[in-house]
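The primary structure of each chain is shown beneath.
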Amino acid sequence: MINAGKNMDWWRKARFGMFIHWGLYSLAGGWWEGREVPFPSEWIMKNGKIPLKDYKKQAGLFNPIKFDAREWVKIAKQTGMKYIVVTAKHHDGFAMYHTKVSPYNIADATPFGRDPIRELAEACRAEGVVFCIYYSQMQDWEHPDGAGNTWDFPDEDKKDFGRYIEERVKPQLHELLTNYGPVGIMWFDTPYEMPKKYCEEIADFVRGIQPQCLINSRIGYGLGDYRSMGDNSIPVASYPHDWETPMTLNDSWGFKEGDDNWKLPETLLRMLVDINGNGGNFLLNVGPDALGVIPDRCVKILKTLGDWLKVNGESIYETTPAPDFPYVLNWGGFTARENRLYMHVFQWPESPYEILVYTFKTKVKNAYFLSDKSKTPIKVLQTYESGRDEYRMRVLLPEKPIDSLDTVIVLELE
Ligand code: FHN
């Protein structure tokens, strides 16, 4: 990516963040006039071709009285997430903050009347979590010149995309970058066929106001600081630039009534390790409901991850891919930090309870379970293979795993 290196330090150390999709669509929850509109819920307006005048009426009913920014940030923190990316404006064009650019915003158009983005920014600062903003720069289904709304504004010839950028995007970005303190990432989305000129202008505009603010690759044309992989997609090998995988916890990004396809904690943990082990960050999404509550089931899953990270976080944060380790491993994977390699064992071996590891160029001087404070040594039998100039090791394990999710073994290298 373009600016790789610049300001990436905090991001590279973080490894795990929370994505939050929350907007007017959370009220409909994927259903319109008694009919389920196909996934995902934040696309309900477009997928259901809902006329803007009808969709807008939801604002009068949107009153998330249970919203508590501190609570959300605490959930993220207890899960071990180091940054939060929250939707300030998604494709529907409704601003979830108090913008003066348009009355179509949560503070002016709803009975709630508050500015959740401000409250979240403050809560993040208080809790030491990096505050980041999602902004849909191309699609805006409310602005007549924005992209995507072909049912209310069918006449493409009448659209002036440049006017939308000047009237809506830049003034809103200006507000978001000047009224809410330092922003860790300005997270853009779906640039599709957006002309390069506007992408460059927006990137320069953001950097002109907050030079330290990172921009993800969905700004388009390789102008970002790091690569956002496709939604829910994890590359199978390490990638030569900084990258991040955005992932849903169930199937929808926004809250969807009846979407119970929750991923299991063990699945998510394996994803976290696979992503970190290949040098990426994991941005895991939650979709709070219309009252402002992160669903219970979701909180429970996150708590399991958080409990594991409290014990094993050393093997995740600030890690890099393990050097010289090109093989796909069926038992789990590696992360690395300084002179330590972390073996994440998801699949415990059957008798004789040992894992064979090779291709290490350096000898292991000590091995122990990360959760074992006394660091009782684990037996590792090592043989040097001069032909291949590497060590072949047998890591001898007890019969049962120490952790039912992922047992981490530290290999301290000489
Ligand atoms: O269209 C959006 C979608 O609603 C969601 O915000 C995801 C998150 O990465 N991004 C787009 C699709 O890639």
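Quick caveat, the model's predicted, so the values are computed rather than measured.

**So, the sheet that holds strand β16 (residues 390-396)**
For sheets, the rule is that strands pair by backbone hydrogen bonds, running either parallel or antiparallel.
Alright, step 1. Taken together, the three strands give an open sheet; going across it, the order is β13-β16-β15, and neighbouring strands pair in antiparallel fashion. Two strands lie at the open edges of the sheet, namely β13 (354-360) and β15 (380-385), each paired on one side alone. Taking each pair of neighbouring strands and ignoring which way they run, the sheet shows an average axis angle of 15°.
Alright, step 2. In this sheet, β16 lies alongside β15 in antiparallel orientation, the contact comprising six bridges. The residue of β16 that forms the bridge with Y384 is Y391.

**A closer look at the site of the ligand**
Alright, step 1. With respect to spatial proximity, 13 residues lie near the ligand, and among them H21, E42, H91, D189 and D231 are the closest.
Alright, step 2. Here an oxygen atom of the ligand and a side-chain polar atom of H21 are 2.7 Å apart.
Alright, step 3. Within the side chain of H90, a nitrogen or oxygen atom sits 2.8 Å from an oxygen atom of the ligand.
Alright, step 4. When the ligand is considered free in solution it has 330 Å² of accessible area, and contact with the protein chains removes 90% of it.
Alright, step 5. Partitioned by chemical class, the residues of the shell around the ligand number five nonpolar, four polar and four charged.

**Considering the side chain of S252**
Alright, step 1. Among the structural elements, S252 can be located in the loop between β9 (243-247) and α10 (265-277).
Alright, step 2. There is a polar contact of 2.9 Å between the side chain of S252 and the backbone nitrogen of S41.
Alright, step 3. In terms of polar contacts, S252 uses its side chain to reach the backbone carbonyl oxygen of G254, at 2.7 Å.
Alright, step 4. Ignoring sequence-local partners within four residues, the contact set of S252 consists of F39, P40, S41, E42, D259 and N285.

**What to know about the domain arrangement of the protein chain**
Alright, step 1. Once the domains are mapped, the protein chain shows domain 1 (9-315) and domain 2 (332-413).
Alright, step 2. The straight-line distance from the C-alpha centre of domain 1 to that of domain 2 is 39 Å.
Alright, step 3. Domain 1 puts twelve residues into the contact, and the matching count from domain 2 is 15 residues.
Alright, step 4. Counting the surface lost from both domain 1 and domain 2, the interface buries some 1300 Å², and carbon and sulfur atoms represent 64% of this.
Alright, step 5. Counting the surface domain 1 buries against domain 2, the share from its top three residues, R270, E314 and S315, is 43%.
Alright, step 6. Our count for the contact surface shared by domain 1 and domain 2 stands at one salt bridge.
Alright, step 7. In this structure, E314 engages R340 in a salt bridge whose closest nitrogen and oxygen atoms are separated by 3.2 Å.
Alright, step 8. In this structure, the connection of domain 1 to domain 2 is made through six residue pairs in polar contact (both at pLDDT 80 or more).

**Overview of empty space enclosed by the protein**
Any empty space left between atoms is shown by rolling a water-sized probe over those atoms.
Alright, step 1. Within this structure, the stated rule accounts for one cavity of 30 Å³ or more.
Alright, step 2. Looking at the largest cavity, its volume works out to about 70 Å³.
Alright, step 3. Lining the largest cavity, in full, are L249, N250, S252, W253, G254, F255, K256, W262, N285, V286, G287 and C298.

**Quick look at the pairing of strand β17 (residues 407-413)**
Alright, step 1. Counting buried positions over the seven residues of β17 gives seven, a clear majority of the element.
Alright, step 2. Residue alternation in β17 divides its side chains into two sets, T407, I409, L411 and L413 and V408, V410 and E412, and both sets are buried.
Alright, step 3. Direction of pairing for strand β12 (residues 340-345) relative to β17: antiparallel, over a ladder of six bridges. Within the sheet, the bridge partner assigned to H344 lies in β17 and is V408.
Alright, step 4. Sheet analysis places strand β14 (residues 364-369) next to β17, joined by five bridges and oriented antiparallel. Paired with V364 across the two strands is L413, which belongs to β17.

Criteria and thresholds
- Residues numbered from 1 in each chain as written.
- Predicted model: local features only at pLDDT ≥ 70, side-chain atom pairs only at ≥ 80, totals over all residues.
- Heavy atoms only, no water.
- Pairing = 2+ DSSP bridges.
- Helix = DSSP H or I, 4+ residues; strand = E, 2+ residues; numbered from the N terminus.
- Axes fitted to C-alpha atoms, helices over the stretch in contact; angles between N-to-C directions.
- Near = heavy atom within 4 Å.
- Polar contact = N/O pair within 3.5 Å; in protein donor to acceptor, adjacent residues only side chain to side chain.
- Areas by Shrake-Rupley, 256 points an atom, 1.4 Å probe, with all protein chains shown as cover.
- Nonpolar A, V, L, I, M, F, W, Y, C, P; charged D, E, K, R; others polar.
- Contact = heavy atoms within 4.5 Å.
- Domains from an automatic or database assignment.
- Buried area = accessible area lost by both parts, 1.4 Å probe.
- Salt bridge = Lys/Arg side-chain N within 4 Å of Asp/Glu carboxyl O.
- 1 Å grid on protein atoms, 1.4 Å probe; cavity = no way out; pocket = protein on both sides within 12 Å on 5 of 7 lines; lining within 4 Å.
- Points joined across faces, edges and corners; volume = space filled by probe spheres on them.
- Buried < 20%, exposed > 50% of the residue type's maximum accessible area, 1.4 Å probe, protein only.

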